[in-house]
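# Per-entry structural report
The chain contents come next:
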Amino acid sequence: MTGPSRSGGSRAGLERLARLGPRTDRGRLLLVLLLVAAVTAFTATVPLLRGFFDLRVYYGTVHTWAHHGGRIYDYRVPGTVYGFTYPPFAAVAMLPLALLGRAAAIAVSLLVNLAALTAVLWILAGPGRRRRGWYRCALCLCLLALFEPLRDTFSFGQVNLVLLALVLVDCLLLTTGRGRWAGAGIGLAAAVKLTPALFIGLLLLAGRRRAAALATAVAAAATGLAAWADPAASRFYWTEALWDTGRVGRLDYVSNQSLQGVLARLGEPGRPLWASAVLLTLGVWAWRARRAAAAGDWPAAFALTGIAACLVSPVTWVHHLVWLLPSFAVLVRAGRPRIAGALYAVLCTSVVWLWSGDASGLDGFLGANAYVWVSLGLLFALPAGQPRADRPPLARSASATAPAPSPVRPATTAAGDQSESSSEAGAPAAATGAADGSAREGGRSPSSEPTGSTCPAAAKPQSSSARASSYTVSPPSA
């Protein structure tokens, strides 16, 4: 299908959607209020709450480290075997929590995630964001509230939404031709959590060596800062904790929606088979992402990288799948809103939890891994490498506003310089982005189970670390 016809189909689809529902502002306001009430009732009852479990891990770790001389990787949430699993720089970045009480920490977590979500939506909306209007924005927020990974991100007090925002800022910089500082966000995200480091690979595939070097330098500097702040913690993490997936949780737990999770539920957790699956997945990602970047389609390239990162990570809990959000924006912008809606609906259902107790049989293989199948489908079929005619005006803004060649400078020279500048900018249609081991608490009800949704979780494994802080029994008071 040609670019113009696909773009026309997308506009026609948006017009049809705009005609749905009430025509008056009063009717639209009433519909939005009804939807808000329904979404509030749903989020308060059906998926239950997670008790900010991951935030409790961050809070207890930082307080123990900063105020009581404890070690970062020794702290355990009282009554559990789960503690901090991120690189040491993440603890350094979370040090402001040491100044807050528990209630204030929860409030700050919610505000930070709201700010990150606002940034993500602003970038994903693209150049037409000002034409959306309050009605469409309100409907979009109601739909987002049903998205299980996003619900869990807020309820756990997770950080993946912040990392996604950092990565998308780099996508925006590349999109708009302000690529001088592109890579800094990716570097910071990779220093907090290893999964975003795959975006450095994307920059290398795309030939953006300057951005890749900046991302690597930022990640290395942040890691070095953490090593200076706590050499023992850095040594323990990079030599022991990093290689011990048991610290994070059971690989076969239904919340693990990665390739490793699928194999573990099949009873095949061996590394050779998983490594083969990872190599095949990375091969598909490299082929498709490189083509997308070569065509200047940065939104699709970043979206494909987020998808691949979720698939190849040994542990991808359901709330990590916020990295799939950019792929839905790419689908809608490519004129495929029905496909985007169908896949999005699957990720709103919490369907995988129907097999939390028993994932055996064909139904378990299909249902317990439903989110993995969505990710694989997006990896193989996400529209990528669209011709420049398919992309919104922002992609061509740099070249469209270039000055006309002067009489003393041949037009061919101006065109060549312009092409070089456009290549450096890597301007696509609109910025989207790509794309932790969550702590879990054994023997708890569904409402407090960190990776649980509508069903209680199975018993959790013990951490391989025998060390425990003195605050395992008596947590720091707030």
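Check the entry above for the structure.
Now for a description of the structure that goes with this document. Note that the coordinates shown come from a computational prediction; the quantities given were computed from them, not determined experimentally.

Analysis parameters
- Residues numbered from 1 in each chain as written.
- Predicted model: local features only at pLDDT ≥ 70, side-chain atom pairs only at ≥ 80, totals over all residues.
- Heavy atoms only, no water.
- Helix = DSSP H or I, 4+ residues; strand = E, 2+ residues; numbered from the N terminus.
- Buried < 20%, exposed > 50% of the residue type's maximum accessible area, 1.4 Å probe, protein only.
- Areas by Shrake-Rupley, 256 points an atom, 1.4 Å probe, with all protein chains shown as cover.
- Patch = residues over 30% accessible without salt bridge, like charges linked within 9 Å, V, L, I, M, F, W, Y side chains within 5 Å.
- Salt bridge = Lys/Arg side-chain N within 4 Å of Asp/Glu carboxyl O.
- Core = buried A, V, L, I, M, F, W, Y, C linked by side-chain atoms within 4.5 Å.
- 1 Å grid on protein atoms, 1.4 Å probe; cavity = no way out; pocket = protein on both sides within 12 Å on 5 of 7 lines; lining within 4 Å.
- Points joined across faces, edges and corners; volume = space filled by probe spheres on them.
- Nonpolar A, V, L, I, M, F, W, Y, C, P; charged D, E, K, R; others polar.
- Phe/Tyr/Trp six-rings, centres within 6.5 Å; stacked < 30°, edge-to-face > 60°.

### A few points about the overall build of the chain
- Across its full length, the chain holds 21 helices and 0 strands.
- A total of 478 residues make up the chain; the buried ones form 49% of that total.
- Taken as a whole, the chain presents about 20800 Å² of accessible surface, with 66% of it coming from carbon and sulfur.

### Notes on a nonpolar patch on the surface
- A contiguous nonpolar surface patch, about 310 Å² in accessible area, is contributed by Leu29, Leu33 and Trp134.
- For leucine 29, the position within the fold is in helix H2 (residues 25-45).
- Since its relative accessible area comes to 44%, leucine 29 is described here as partly exposed.

### Some details on the nonpolar core
- Ranked by size, the top nonpolar core spans 112 residues in total, and within it Tyr58, Phe84, Trp298 and Phe302 carry the most contacts.
- For this core, the element with the highest residue contribution is helix H15 (residues 298-312), accounting for 11 residues.

### Structural notes on empty space enclosed by the protein
- Volume-wise, the second largest cavity comes out at about 40 Å³.
- In terms of residue class, the lining of the second largest cavity is made up of 4 nonpolar, 4 polar and 1 charged.

### Details of the packing of aromatic side chains
- Per the stated rule, a full pass over the model turns up 16 aromatic pairs.
- Ring centres of phenylalanine 199 and tryptophan 323 lie 5.7 Å apart, and the angle between their planes is 35°; this geometry places the pair in the tilted category. Of the two residues, phenylalanine 199 sits in helix H10 (residues 198-205) while tryptophan 323 sits in the loop between H15 and helix H16 (325-333), which places them 124 residues apart along the sequence. In this pair, the class of phenylalanine 199 matches that of tryptophan 323, namely buried.
- Summarising the aromatic geometry, the rings of phenylalanine 328 and tyrosine 344 are spaced 5.5 Å apart at their centres and angled 85° between planes, so their arrangement reads as edge-to-face. One end of the pair, phenylalanine 328, is in helix H16; the other, tyrosine 344, is in helix H17 (residues 337-346), and 16 residues separate them in sequence.
- Take phenylalanine 328: its relative accessible area is 6%, and that puts it in the buried class.
- What makes tyrosine 344 buried here is its relative accessible area of 14%.
- Of the aromatic side chains, those joined through ring pairs into one cluster are Tyr58, Tyr73, Phe84, Tyr86, Phe236, Tyr237 and Trp238.

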